[in-house]
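One letter stands for each residue in the lines below.
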Amino acid sequence: MGDCDMDDTEQDQSPQATGGQAIYFDGLSNRRQTVTVVLSNQLVLRSADNFVSWPYPDIRRVDAPSGTLRVSCLSASPLARLEIRDSAFAAELVARCDRIDENRLTHGAVARIIGWSLAAAASIIVMVLFVVPFAADRLTPLVPPAMERHLGEAAVVQLQAVFGNKTCDGAGGQAAFAKLVEALRVPAGLDASVGAQVLDTPIPNAFALPGGRFFLLSGLLAKANDPDEIAGVLAHELGHLKHRDNLRQVIHNGGSSFLIGLLFGDITGAGAAIFASRTIVTASYSREAEHDADSFAIEVMHKLGRPTAPMGELMFRVTGKEGDKQLSILASHPLTEDRLERMRAEDQPPSGPPLLTAEEWRALKGICK
Amino acid sequence: MNQMNFIPQPPPPLPAVPVTFDGERGEFFRLIGRGALLELVTLGFYRFWLATDIRRHLWVNTAVDGDAAEYTGRGKELLIGFLFAMAILVPIYLAYFIVSVEAERFKGFASVPLVIGFYAFGQFAIYRARRYRLTRTVWRGVRFWMDGSGWAYAGRAMLWALLLVLTLGLAFPWREAALERYKMQHSHYGNLQGDFEASPWELFKQIWWLWLAIPVCLVLFPLLPFIYGYFKAVEWRWWLSGLRFGGVRLQSRLRPGALYGLYWKVIGWFVLLWAVTFAYFGGVVVVAAKFGGVSMAGPKAAQALANNIPLLIMLVLGYIAVILAINVVMRMYLLRDVWARVLASVELHGIEAVANISAKGDLASALGEGFADGLDVAGF
């Protein structure tokens, strides 16, 4: 369907008409035709068996090797091509086609691409900094606890693959541990589905899993000097459970990692940039959650009438002063010295009964033996 | 006219036609240099237009029988394909996350088989991406095109991948040949159908010893670029020599050593670039220590340096510069120079079979390219 074919209106004798040789592909077959081109009031192509005319405003430049002008025509077959290799004649044709370069990517178009990209980048950054944390906070209460427990069970299976199944259950120690957890659970306002265990490993730490389970590692127990220190740490973990921090972090980190990947995704070598920004964003969110869990622990300890400073001292004993060792924006927790300072400021002299007797405390210390 | 019948053995009536590549290195360098810069400014979004510009440059400077090809794809199409692919992939990622949580509940790491699903998606993407590129390729006013099904291809690719694992990789030549045959038999130039006739045995005979050589080379690792260069050159030659379009046969005379130089140049540039970058990093740290009042002694040195903002900015700028340079080096040698070197080795026999081909076939969407981008799969 060469729509450009037109009747011969015999305008070749007009004074400005010039002509030359060119190669023509009609876009219907790949036959290479040598044609005579006449620049009349339209571009007219003639060969032994063909006659075609293209209106100048419809002519567009397409890619061609250097030294060749290759054009197409909007009103002709989309792949019809005319190739002119004589540069003087090509210049003459270009001079007559005022819209020949309309398909080109101009500077304005590149500027638009840059503008839109920056807008997209800005919107992704806003999403990461504001929308994703907001969504995580709002979505978390909507996730049914059963689903969260599934997440926790999956984590327990992985945990056992890593640590082995080394739960400690010395009888006296277990009773003391249960008593301590129960004493904290009631003022924390959590139901009885909370499950806690001591794992036998020298690593001094404690952590909560989604769905109401948390673990105390015996390494931390070994470093503790009195029940209030451990109680504070456990109250902190209960805070994570109460706030459903694991789930919030899964939602938040998943969302922000995905968006950051989208942002730098395809630049070769940008791995470091992705890693750095992901670390900074997740660490910042995690610090906030830790800060809130500390607030929760302080509140629980106040309710029980127990001091808060021992918890801070235990953590300081484990980590030492952190400010020298790491960049604060990369840390997943607030610096221990800052936490200790806060625990000391909130400290109140004991007004409630001790949480464990000396006997029970000894049993708890020995739970893994 | 019975010219389209293809008779393999007797010499073709017309002399073989070479394929030429006349792209100027300087022009390509300007294109990718500017492209890398724009890619950085747009945080990667310019990649769709850069990929398009690179292809336009490579295609238009490639001439067969004196006529240059043309790439008619546009960056906007790739962007739209990417957005569509994202709209499909994001819910799948979410579903994948939920399913993997449920699967892990029953057994640790039980979700690993789900990764296979993504492999299938990747193979689908490879097929559809090739289809997009082929339908944007025009020569003598007639486009190439492709039919067939991306999912049928993905199914085959998965079965062959299984066989590849079971045979410890020895099935590789048979897999390549079978998959390429599927792709080529669904490729067309106008009304001319493609085919792939290379024998997997031929490839196997040339590369079987690599199975034995690779463990040795992992110890003597400077040999690895030679092994890889040999493998790629042999694979290119085998693949190109197997391509058919109707009566047209391609033949490549690429030497097995033809790509060694390029790979070593890339390695050389990498070593040089990283040496310069580390020298720069060292220099910046020393300058910061001298004029910025940062003490270099004692345990606090690392933290003092890490908290020095002007220093960090200088380091980030250095990192950006080296990323730009690496992008340029890789595209220059591994894309343009490989293209030029491989094409220079190709000649066409039986060109008279394409004397009068009728146009046929429709454009395909860039969805496959979008998937390939979203899933980070490479291949064509």
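Residues numbered from 1 in each chain as written. Chains lettered and ligands numbered in written order. Predicted model: local features only at pLDDT ≥ 70, side-chain atom pairs only at ≥ 80, totals over all residues.

Some thoughts on the overall build of chain A
And then number 1: The helix and strand inventory of chain A stands at 11 helices and 11 strands.
And then number 2: Taking 369 residues into account, the globule formula puts the C-alpha radius of gyration at 21 Å, and chain A, at 38 Å, lies well above it.
And then number 3: Dimensions of chain A along its principal axes, counting C-alpha atoms only, are 120 × 35 × 30 Å.
And then number 4: A burial count over chain A gives 35% of its 369 residues as buried.
And then number 5: Considering only intrachain contacts with a sequence separation of at least 6, the fraction spanning at least 24 residues in chain A is 66%. (Helix = DSSP H or I, 4+ residues; strand = E, 2+ residues; numbered from the N terminus. Rg over C-alpha atoms; globule rule 2.2 N^0.38 Å. Buried ≥ 20, exposed ≤ 12 C-beta atoms within 10 Å, placed from the backbone. Contact = placed C-beta atoms within 7 Å.)

A look at the overall build of chain B
And then number 1: Summing up its helical and strand segments, chain B has 13 helices and 11 strands in all.
And then number 2: Residue burial in chain B is summarised as follows: out of 380 residues, 34% are buried.
And then number 3: A sequence separation of at least 24 residues applies to 72% of the contacts in chain B between residues at least 6 apart.

Some words on the packing of helix 4 (residues 171-188) of chain A against helix 6 (residues 227-243) of chain A
All names here are of chain A.
And then number 1: The contact between helix 4 and helix 6 brings their axes to 10 Å, and the two run at 45°. When the axes of helix 4 and helix 6 are compared, the pair comes out oblique. Crossing hand, helix 4 versus helix 6: right-handed. Where helix 4 approaches helix 6, its residues Leu180, Val181, Leu184, Arg185 and Ala188 are matched on the opposing element by Pro227, Ala231, Leu234, Ala235, Leu238 and Lys242. (Axes fitted to C-alpha atoms, helices over the stretch in contact; angles between N-to-C directions. Parallel < 35°, antiparallel > 145°, perpendicular 65-115°, else oblique. Left-handed = near helix turned anticlockwise from the far one by under 90°.)

A short note on the pairing of strand 8 (residues 192-196) of chain B
Residues and elements named next belong to chain B.
And then number 1: Pairing of strand 7 (residues 187-189) with strand 8 involves two bridges; the strand directions are antiparallel. Of the residues in strand 8, the one forming a bridge with Tyr189 is Leu192.
And then number 2: Between strand 7 and strand 8, which pair antiparallel one after the other, the connecting turn spans two residues, and Gly190 there sits at a positive phi close to 55°.
And then number 3: Of the strand pairs in this sheet, strand 8 and strand 9 (residues 243-245) are connected by three bridges, and their pairing is antiparallel. Within strand 9, the position partnered with Phe196 by the bridge is Leu243. (Pairing = 2+ DSSP bridges.)

Considering the packing of helix 9 (residues 224-242) of chain B against helix 10 (residues 260-291) of chain B
Residue and element names in this part refer to chain B.
And then number 1: Where helix 9 meets helix 10, the closest approach of the two axes is 9 Å, and the angle between their N-to-C directions is 135°. Classified by the interaxial angle, the pair formed by helix 9 and helix 10 is oblique. Once helix 9 is placed against helix 10, the crossing between them reads as right-handed. For the pair helix 9 and helix 10, the contacting residues are Pro225, Phe226, Tyr228 and Gly229 in the first and Tyr260, Tyr263, Trp264 and Ile267 in the second.
And then number 2: In the contact of helix 9 with helix 10, the residues fall into seven nonpolar, one polar and no charged. (Nonpolar A, V, L, I, M, F, W, Y, C, P; charged D, E, K, R; others polar.)

Observations concerning the domain arrangement of chain A
And then number 1: Domain annotation for chain A reports domain 1 (18-96) and domain 2 (119-365).
And then number 2: Taking only C-alpha atoms into account, the centre of domain 1 of chain A sits 73 Å from that of domain 2 of chain A. (Domains from an automatic or database assignment.)

Concerning helix 6 (residues 172-185) of chain B
And then number 1: Spanning 14 residues, helix 6 of chain B covers 20 Å between terminal C-alpha atoms, matching the ideal 20 Å at 1.5 Å per step.
And then number 2: Taken residue by residue, helix 6 of chain B has Phe172(B), Pro173(B), Glu176(B), Ala177(B), Leu179(B) and Met184(B) as its buried positions. (Expected span 1.5 Å × (residues − 1).)

Describing the pairing of strand 1 (residues 18-25) of chain A
Residues and elements named next belong to chain A.
And then number 1: Note that strand 1 and strand 2 (residues 33-39) share seven bridges and pair antiparallel. The partner of Tyr24 across the bridge, within strand 2, is Gln33.
And then number 2: Looking at chain direction, strand 1 and strand 7 (residues 81-84) are connected through three bridges and run antiparallel. Counted as the bridge partner of Tyr24 is Leu82 from strand 7.

Section: the sheet that holds strand 11 (residues 213-217) of chain A
Residues and elements named next belong to chain A.
And then number 1: Taken in spatial order, the four strands make up an open sheet running 8-9-11-10, and their pairing is mixed. In this open sheet, the two edge strands, each paired with only one partner strand, are strand 8 (167-168) and strand 10 (206-209).
And then number 2: Sheet strands in contact with helix 3 (residues 145-163) are strand 9 (195-199), strand 10 and strand 11, and its direction is about 140° off that of strand 10.

Re the confidence of the model for chain A
And then number 1: On average, residues of chain A score 84 in pLDDT, and 92% of them reach the 70 mark or higher.
And then number 2: In this model residues 1-15 of chain A is a low-confidence stretch, pLDDT under 50, and it forms 25 contacts with partners more than four residues away in sequence or in other chains. (pLDDT = per-residue confidence, 0-100.)

Overview of the sheet that holds strand 7 of chain A
Residue and element names in this part refer to chain A.
And then number 1: With respect to topology, seven strands assemble into an open sheet ordered 4-3-2-1-7-6-5, the strand pairing being antiparallel. With partners counted over all chains shown, the strands left at the sheet margins are strand 4 (50-54) and strand 5 (59-62), one partner each. On average, each strand axis in the sheet is tilted by 35° relative to the strand beside it, whichever way the strands run.

Re unusual backbone geometry
What you tend to see is this: most non-glycine residues have negative phi, and most peptide bonds are trans.
And then number 1: Its identity as a non-glycine residue notwithstanding, Arg244(A) has a phi of 50°, on the positive side.
And then number 2: For Asp65(B), which is not a glycine, the phi torsion comes out positive at approximately 55°.
And then number 3: Structurally, Asp65(B) is set in the loop between strand 2 (62-64) and strand 3 (67-68).
And then number 4: Take Asp65(B): there are 15 C-beta atoms within 10 Å of it, and that puts it in the partly exposed class.

Concerning the nonpolar core
And then number 1: Counting 127 residues, the largest nonpolar core has Leu180(A), Leu184(A), Leu216(A), Leu234(A), Ala235(A) and Val300(A) as its most contacted members.
And then number 2: In terms of residue count, the dominant contributor to this core is helix 8 (residues 271-304) of chain A (nine residues).
And then number 3: Looking at this core, you find at least three residues from each of domain 1 (18-96) and domain 2 (119-365) of chain A.
And then number 4: Filtering out sequence-adjacent residues up to four positions away, Leu184(A) remains in contact with Ala231(A), Leu234(A), Ala235(A), Leu238(A) and Val300(A).
And then number 5: Membership of the second largest hydrophobic core comes to 18 residues, among which are Ala198(B), Tyr333(B), Leu343(B) and Val346(B). (Core = buried A, V, L, I, M, F, W, Y, C linked by C-beta atoms within 7 Å.)

A closer look at the environment of Asp294(A)
Residues and elements named next belong to chain A.
And then number 1: You can see Asp294 is positioned in helix 8.
And then number 2: When the C-alpha atoms of Asp294 and His240 are compared, they prove to be 9.2 Å apart, with 54 residues separating the residues in sequence.
And then number 3: Beyond its immediate sequence surroundings of up to four residues, Asp294 is in contact with His236, Arg339 and Arg342.

Brief notes about helix 8 of chain A
Residue and element names in this part refer to chain A.
And then number 1: Along its 34 residues, helix 8 runs 48 Å from first to last C-alpha, staying within 8% of the 50 Å computed at 1.5 Å per residue.
And then number 2: Among all positions in helix 8, only Val281, Tyr285, Ala293, Asp294, Phe296, Ala297, Ile298, Val300, Met301 and Leu304 are buried.
And then number 3: Residue Gly305 follows helix 8 closely and has a positive phi angle near 70°.

Observations concerning the confidence of the model for chain B
Residue and element names in this part refer to chain B.
And then number 1: Taken over all residues, the pLDDT of chain B has a mean of 86, while the share at 70 or more is 87%.
And then number 2: When mean pLDDT is compared element by element in chain B, helix 6 scores highest at 96, while helix 11 (residues 301-306) scores lowest at 60.
And then number 3: Interface predicted TM-score (ipTM) for the complex: 0.81; the corresponding pTM is 0.78.

Quick look at the environment of Thr319(A)
And then number 1: Position of Thr319(A) relative to the elements: it lies in helix 9 (residues 309-319).
And then number 2: Taking C-alpha positions, Thr319(A) is 9.3 Å from Glu337(A), a pair spaced 18 residues apart along the chain.

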